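# Fold and contact review
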Amino acid sequence: MNSCDKCGYKIRGDEGNDFGIIYSLDVAPAYCRNCGNAYPWTEEALKAAKELADEIDGLTSDEKELLTQLCLATSRLTCLI
Ligand SMILES: [Zn+2]
C-alpha cells in the first residue's frame, strides 16, 4: 500500500528510496494528509488501544479516549526502535 485507499493520495515516505515501496511506520503518517482517512496501521493501533481501555474498569469516556491516544502514540514510538 503506497497510496490512500479512499482518495488515492500518495503516502509520503515510500518514494525515491532503495527499498521500493517499503516504508516504515516511523515515517508513515497516521492519517491521509489529503482526506483525513485513517490508514490501516492507525486503525489497528486504535482498535487495540480501545480494547485495552475497555478492559479497565472505572474509567470515564474522557479517560478512555486519553488512554487510547496515549497507546497510539506509544505504539508509533516503539516503531522507531
Ligand atoms: Zn485520502
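Sequence order as written defines the numbering, with residues in each chain counted from 1. Residues qualify for local features only when their pLDDT is at least 70, as the model is predicted, and side-chain atom pairs are given and counted only at 80 or more; totals for whole chains, interfaces and linings, by contrast, use all residues.

## A look at the overall build of the protein
The secondary structure content of the protein amounts to two helices and zero strands. Counting other C-beta atoms within 10 Å of a residue's C-beta gives its exposure: the residue is buried at 20 or more, exposed at 12 or fewer, and partly exposed in between, where C-beta atoms are placed from the backbone. The proportion of buried residues among the 81 residues of the protein is 5%. We call two residues in contact whenever the C-beta atoms placed from their backbones are within 7 Å. Considering only contacts within the protein whose residues lie at least 6 apart along the sequence, 35% involve residues at least 24 apart. The secondary structure listing takes helices from DSSP runs of H or I that are at least 4 residues long and strands from runs of E that are at least 2 residues long, numbered from the N terminus.

## Details of the environment of Glu51
Here Glu51 is to be found in helix α1 (residues 40–55). Between the C-alpha atoms of Glu51 and Thr68, which are 17 residues apart in sequence, the distance is 8.9 Å.

## Observations regarding the environment of Glu63
Of note, Glu63 is situated in helix α2 (residues 61–78). Separated by ten residues in sequence, Glu63 and Ala53 place their C-alpha atoms 8.6 Å apart.

## Here we look at the confidence of the model for the protein
The pLDDT score gives, residue by residue, the confidence of the prediction method on a 0 to 100 scale. Mean pLDDT over the protein: 74, with 69% of residues reaching 70 or higher. Across residues 14–25 the pLDDT falls below 50, and counting only partners more than four positions away or on other chains, this stretch makes ten contacts in the model.

## Regarding the environment of Ser3
Checked against the element boundaries, Ser3 lands in the segment before α1. The class for Ser3 is partly exposed, based on 14 C-beta atoms found within 10 Å. Ignoring sequence-local partners within four residues, the contact set of Ser3 consists of Gly8, Tyr9, Lys10 and Ile11.

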